[in-house]
Structures are given as structure tokens and as C-alpha cells.
Amino acid sequence: MFTCDICGEIVASEQDMKTHLLLTHMENEVVCPFCKLSGVNYDEMCFHIEAAHFEQNENERVMEKVNQVQCRTPDRKTEKENSHHYKMEVSEDVYSACASNDLKFTDHSHSKDTSLKRKAFHSENLTELRELQENRLNLYDLTEINKSLSSIPECPFCGKIEPCNEDLETHVKTKHANLLDTPAEGRNQPFYECPICGLICTNYQILHEHIDLHLEESHFEGVSKGSSDLELARQLQQEEDRNRMSEGSRQEIEEFQKLQKQYGLDGSGGYKQQQLRNMEIEVRRGRMQPIEFHKRKADMLESLAFGIDDGKTRTSGIIESLHRHYQNEAREVRRVWLSTGVDHFYSSLGDKGWGCGYRNFQMLLSSLLRNDSYKDCLKDISIPCIPKIQSMIEDAWKEGFDPQGASQLNNRLQGTKAWIGACEIYSLLTSLRLKCRIVDFHKPTGPLGTHPRLFEWILNYYSSGREGGLKVVCSSKPPIYLQHQGHSRTIIGIEERKNRTLCLLIFDPGCPSREMQKLLKQDIESTSLKQLWRFVGNLKHKQYQIVAVEGVLSSEEKAARMKASQIFTAERIP
């Protein structure tokens, strides 16, 4: 009887044992003990384990060998025996993994031949496998030993170097036990965790020193070696200041550009360009015929060439019509003072939105040209167009009037839509040898932000006290230029009502010509007069400025006023 050394099965003959070994153990499915690979023969499985799982099988034992070397065990004989024993274990394990289903016969005489055949079947592969294992193990041992020696254990608290990990652990437990102790139960002792390595400390000062070690060794990403919290804070502050300055500069530029656009200094063209552009829009919208467009364009070019206003927005005779009305009607009015004759000028398509100052100058000039007292100063002068007025102001600047105002407008008005105010009107009139004054009502003088002192000043300007009992007084005084923030108008007279209230009569360049022409009717309606009335409660801007003409200047007086305009000052009330 024969007994199988693998599974213990008993068979009757040697031939039956061979058949049993072949069917049960040789042809049984071989499975990889690491990745469960199957479906290959025994030789292929041995090659698979050697190629794919050799290092996986030996990693644990290799680390044990490295620890032995690192701790510098003095018994070299024992180390050699352990290494030899370790190599044998690796070889035997791999062999057993590759040949788990192999035959292991006893020394029975009846199984000797079969055992010799099985050993001969694998002897060549097994010898080569063990040689390859020993070569790789020696190379791996050398690499791991070098790595271990290069990474010397170092205390994370004081930096002391120990020969091995066990000694380092003993050092930390004995020297730094206060950092590792668990707080007593029931005590709310705070914990401080290192943000770099996660070490838990029970003392903030120790944590601070621990983090300083990280910083000195450049382990903290983003902070350069030797940098401190103060330096980092300074850098962050500087960056924030730069960003704030950049944002502030951007806002200033945007605000400046808005102001340039608002006051016509954005380089988008002047009177001519706006007139043509708006007429083209009117044609596209069907409000103007093409033939009318070309006719008005030709008239505009002719007006610009001669520098004379084309008179298309001019309305004359209103003062005379008002005189008749007040003589016959207006029972609520006790007395009224009117300026000398003045024409109304309305803003056209070329200056709409920015030309009020120029139109008010045309109104004032139309009155001065009717007064014989100013003919010598205004000889050979007609009502100029807006580009001509811009040129006249530039000439006044060139003479030396108001250099500060000229600088603010870049010493240029022609070809722009720049606004002008009381200072520019004063400089222009003075350059023509007209005696005038600027009065600045710089703050309200009455309740609710009103300016009763302004009304009183206008009344004193037009009345001389020698009118007697006349209801309507046609004075020889020209109209007054009135300026406030964003707009300007022309004062052509003042009413005194029977209840002793005062009411200004004003020409507004924003009022269309068709509305102004309603004042030329024989019977003026009260609704038409309302567009002229401004009571004390209607003028509530914070500041008002007026320019009033009072006579003629000599050449010496003109030169003196030009010199005084280097630092422009106005008469202030109150």
C-alpha cells in the first residue's frame, strides 16, 4: 500500500499513486497566493510570482534587517546567522508559494523514484530563482541601509541626534515628558496644536519655540528663511496699501473723465460737430428733410466763417411788450423796473446742454449795443456766434486775464464744449474795456436756504430813487448775468408787488423761442409771464454769482484790473 505525503490518501499500487499525483496534485488549478491569478501551469506561476510579487513577499523581513543594522547590534555572528536564516525563509516562502501543490515524498523505498523525478523537474528553476533572490536581497539591503543611515533620528523639541529610533523615543519620554503628559482628568487644560506638523503642546510658549524651529529649518511653506511675523505683516500691509492706491487712482481717473465729459473737455468736438451730428439725427428720425439739412448746414458754415450769429434762435422786442403789459395790466404789481432793450437767445442743436453761458453773453451784448454809452468800446462788433465768443475769451486770456481760469480749461475753448461762468464773462467784458463787477452771494441769507440779500441788491441796482410815482421804470442799466451751479440766466428786471414781495424777471436760454414769442402778443397771458418770474422761494441754490456792467474803463483801469485778475477775487455778500 502507498500513502500520499501531500493529502494522506492511500492507494494500492505505485501506478495508482502516479495517477493520483497527476490528477489530484499536478493537474489541479494553480492559484497565486498574492493576487489570486489562475489558469496557468506550474512553471508559469513560478515566473509570475518571481516577477510580480518578489518585493511584496520580502518587504517585512527587509525592514527587520534594516532595524538590526540601524541599532548597530554588536554580535556580528548572530547578524550573519539571522541574515542567512532570513534568506532561507524568503526562498522557502517563495518556493512554497510557487509550489504549494507540489509533491513532498517520504524516504519510503517505493516512492524514491517518483521523488527524484519531481525534484529534477524543478531543480533548475529553483536554483536560478534562489540565486536571483540572493542578488536582489543584497542590493536591496545595501540601499535600505544607506537610506536609514542618511535619515538620522533627531528630537523635534531640542534637535538632539540619537543613534536609533528606540533611543530617540526614550529621550523624548525622559527629557520632554511635560510635553507629552495627558492633563489630569477634570482639569480644562488647553491644548495647542502645531499648524505645521500637528504636534500637541500644553504650553503656548513651548509651541511658539517649536514653530520657530520649523521656521529656522525652512519647513514652513510660503515663509522664507529668517522671516518673522513682523516682516510678513509689513509685506501684507504694503501690498494692501498698493492695492488701495491703485484703486484710488483708478477712481480718481474715472471721476476726472466724468468731469471732463460733463464740462465739455473730453475731446468729442465743439459747436460745429454737435450741430452736424444732431441735424443728422433729426434727418434719420424724419423730423428734418434732407434739403433743409443742407440749407441749415450751409447757413451754419457761413455764420462760422464770418463769426456772426445766424439769429435763428433770437427773439427781439420782449422788453417793449412787457412795458405795455405792465402799463395796462398787472394790477398785483406795485412797481416794476426793466433793463434797456435786450434780445433773448435760445440754445440751438449745436450748443444744447452746455451753451447757456455763451447765450447769456449774447443777451447782455445785445443790450449793450443799444446803449450809446458803450458804442466806443463795442464798435465794429456784432452779436458773435459761439465759436467766435470762445475765440474772444481765449484772446482775453492771452492778454493776461484770469490765468488760473485759463489753466483750468487748458487755455483752449475753440473746438470744445467747455462750460463758461462768471469769471470768463468778467474777463471778456473787461478785455473790451467795460467796467463790471462780480458779486458772490456765497451762502443763503434767508430762511430755508433763500437769498433775500440777492433780491435787495438787484432792486438797488435798477432803482435810483428818483423815479417818482411811475409804475413802470425803463432804466438805462443793462441786464445782469446770473450764475449758479450748473446753469446761468439773465436778469432783465424786477417787480415789487403790492404785498412788498420782490420778483425777478429772468431770461432763460433754455426756454424755447416759440415760448418766448408768446410774450410779443398784444395781450400777454399770465401763464406766459410765469416763465419769467422768480420769487425769493424759487432761488435756493447754495451759491449765486452775478456780473453787472456799470460803465467804461480807461486803458489804465483796464491794465489795473488785468493785473488784479492774476488772483481772482470777488465781492462777497454777506
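Residues numbered from 1 in each chain as written. Predicted model: local features only at pLDDT ≥ 70, side-chain atom pairs only at ≥ 80, totals over all residues. Heavy atoms only, no water.

Asker: Please explain the overall build of the protein chain as it appears in this structure.
Answerer: When helices and strands are counted, the protein chain shows 20 helices and 15 strands. Buried positions account for 40% of the 574 residues belonging to the protein chain. Put simply, the protein chain shows about 33,100 Å² of open surface, and 50% of that area lies on carbon and sulfur atoms. (Helix = DSSP H or I, 4+ residues; strand = E, 2+ residues; numbered from the N terminus. Buried < 20%, exposed > 50% of the residue type's maximum accessible area, 1.4 Å probe, protein only. Areas by Shrake-Rupley, 256 points an atom, 1.4 Å probe, with all protein chains shown as cover.)

Asker: What is the right way to read unusual backbone geometry from this model?
Answerer: What is expected of a backbone is that most residues other than glycine have negative phi and most peptide bonds are trans. A cis geometry characterises the amide bond from Ile 573 onward to Pro 574, with omega recorded as 0°. Relative to the assigned elements, Pro 574 resides in the segment after β15 (571-572). Although it is not a glycine, Asn 410 sits at a positive phi angle of roughly 60°. In this structure, Asn 410 sits in the loop between α15 (403-408) and α16 (422-431). Residue Arg 500 is not a glycine yet carries a positive backbone phi of 75°. Mapped onto the elements, Arg 500 comes out in the loop between β11 (487-497) and β12 (502-507).

Asker: Where do I start with the nonpolar core in this structure?
Answerer: Burial of nonpolar side chains together is a common tendency in soluble globular proteins. In terms of nonpolar packing, the biggest core is built from 61 residues, with Leu 322, Tyr 326 and Leu 429 touching the most fellow members. A per-element tally of this core places helix α13 (residues 356-368) first, with 6 residues. Beyond its immediate chain neighbours, meaning those up to four positions away, Tyr 326 contacts Val 333, Val 336, Lys 471, Val 472, Glu 495, Leu 505 and Trp 533. Membership of the second largest hydrophobic core comes to 23 residues, among which are Phe 441, Ile 480, Leu 504 and Ile 506. (Core = buried A, V, L, I, M, F, W, Y, C linked by side-chain atoms within 4.5 Å. Contact = heavy atoms within 4.5 Å.)

Asker: Just checking my understanding: could you explain the layout of surface pockets for this structure?
Answerer: Where empty space is left can be seen by rolling a probe of water-molecule size over the atoms. Of the volumes computed, that of the largest pocket is approximately 800 Å³. For the largest pocket, the lining is made up of 31 residues, of which Gly 421, Ala 422, Cys 423, Glu 424 and Gln 545 are closest to its centre. Elements with a minimum of two residues in the lining of the largest pocket: α13, α15, α16, β8 (434-441), β10 (480-484), β11 and β14 (544-552). Residues that form the lining of the largest pocket fall into these classes: 12 nonpolar, 15 polar and 4 charged. In this structure, the second largest pocket occupies an estimated 440 Å³ of space. Taken together, 20 residues form the lining of the second largest pocket, with Arg 296, Thr 313, Ser 347, Ser 348 and Leu 349 sitting closest to its centre. Elements supplying a minimum of two residues to the lining of the second largest pocket: α10 (271-284), α11 (290-306) and α18 (513-516). Of the residues contributing to the lining of the second largest pocket, the split by class is 7 nonpolar, 6 polar and 7 charged. (1 Å grid on protein atoms, 1.4 Å probe; cavity = no way out; pocket = protein on both sides within 12 Å on 5 of 7 lines; lining within 4 Å. Points joined across faces, edges and corners; volume = space filled by probe spheres on them. Nonpolar A, V, L, I, M, F, W, Y, C, P; charged D, E, K, R; others polar.)

Asker: Quick question: what am I supposed to make of the packing of helix α14 (residues 386-399) against α16 here?
Answerer: As a packed pair, α14 and α16 sit with axes 9 Å apart at the nearest point and diverge in direction by 75°. On the basis of the axis angle, α14 is roughly perpendicular to α16. Seen from α14, the contacting residues are Ile 389, Met 392, Ile 393, Ala 396, Trp 397 and Glu 399; seen from α16, they are Glu 424, Ser 427, Leu 428 and Ser 431. Each residue belonging to the contact of α14 with α16 can be placed in one class, and the counts come to 6 nonpolar, 2 polar and 2 charged. (Axes fitted to C-alpha atoms, helices over the stretch in contact; angles between N-to-C directions. Parallel < 35°, antiparallel > 145°, perpendicular 65-115°, else oblique.)

Asker: What is the right way to look at the packing of aromatic side chains in this model?
Answerer: Note on aromatic pairs: each is described by the distance of the centres and the angle between the planes. Within this structure, the stated rule accounts for 5 aromatic pairs. With 5.0 Å between their ring centres and 80° between their planes, Tyr 461 and Tyr 462 make a pair best called edge-to-face. A relative accessible area of 6% means that Tyr 461 is categorised as buried. A residue is classified by how much of its surface remains accessible, and Tyr 462, at 3% relative accessible area, is buried. We note Lys 477 situated over the ring of Tyr 461; from NZ or CZ to the ring centre the distance is 4.6 Å. When the ring centre of Trp 533 is taken as origin, the NZ or CZ atom of Arg 497, which lies over that ring, is 5.0 Å away. (Phe/Tyr/Trp six-rings, centres within 6.5 Å; stacked < 30°, edge-to-face > 60°. Lys NZ or Arg CZ within 6 Å of the ring centre and 35° of its normal.)

Asker: I'm lost on the pairing of β10 in this one. Help?
Answerer: Looking down a regular strand, the side chains alternate between one sheet face and the other. Of all the 5 residues making up β10, 5 are buried; the element is thus mostly covered by neighbouring parts of the structure. Residues Ile 480, Leu 482 and His 484 line one face of β10 and the alternating positions Tyr 481 and Gln 483 line the opposite face, and both faces are buried. Examined bridge by bridge, β10 and β11 share 5 bridges and lie antiparallel to one another. Looking at the pairing, His 484 lines up with His 487 of β11. Sheet topology places β10 next to β14; 4 bridges connect them, and they run antiparallel. (Pairing = 2+ DSSP bridges.)

Asker: Help me understand the environment of Lys 352, please; the structure alone is not making it clear to me.
Answerer: Mapped onto the secondary structure, Lys 352 falls in the loop between β7 (344-345) and α13. Sequence spacing of Lys 352 and Gly 510 is 158 residues, and the spatial spacing of their C-alpha atoms is 8.4 Å. Sequence-distant contacts of Lys 352, that is, excluding residues within four places in its chain, are made with Gln 274 and Ser 347.

Asker: What is the right way to look at the environment of Glu 231 in this model?
Answerer: Within the secondary structure, Glu 231 is located in helix α9 (residues 229-262). A polar atom in the side chain of Glu 231 sits 2.7 Å from the side chain of Arg 234. (Polar contact = N/O pair within 3.5 Å; in protein donor to acceptor, adjacent residues only side chain to side chain.)

Asker: Just checking my understanding: could you explain the confidence of the model for the protein chain for this structure?
Answerer: With 75% of its residues at a pLDDT of 70 or more, the protein chain has an overall mean of 80. Across residues 68-126, confidence stays below pLDDT 50; counting only partners more than four residues off in sequence or on other chains, it has 77 contacts. With pLDDT under 50 throughout, residues 182-187 is counted as low confidence; its partners more than four residues away or in other chains account for 2 contacts. (pLDDT = per-residue confidence, 0-100.)

Asker: Where do I start with α11 in this structure?
Answerer: Between its terminal C-alpha atoms α11 stretches 25 Å, which fits the 24 Å expected from 17 residues at 1.5 Å a residue. Buried within α11 are the following residues: Phe 293, Met 300 and Ser 303. Each buried residue of α11 sits inside an arc of 95° when the element is viewed along its axis, so together they form one side. The exposed residues of α11 that point more than 90 degrees off its buried face are Ile 291, His 294, Lys 295, Ala 305 and Phe 306. If you follow the buried residues of α11, they end up packed against α10. (Expected span 1.5 Å × (residues − 1). Arc of directions from axis to C-beta.)

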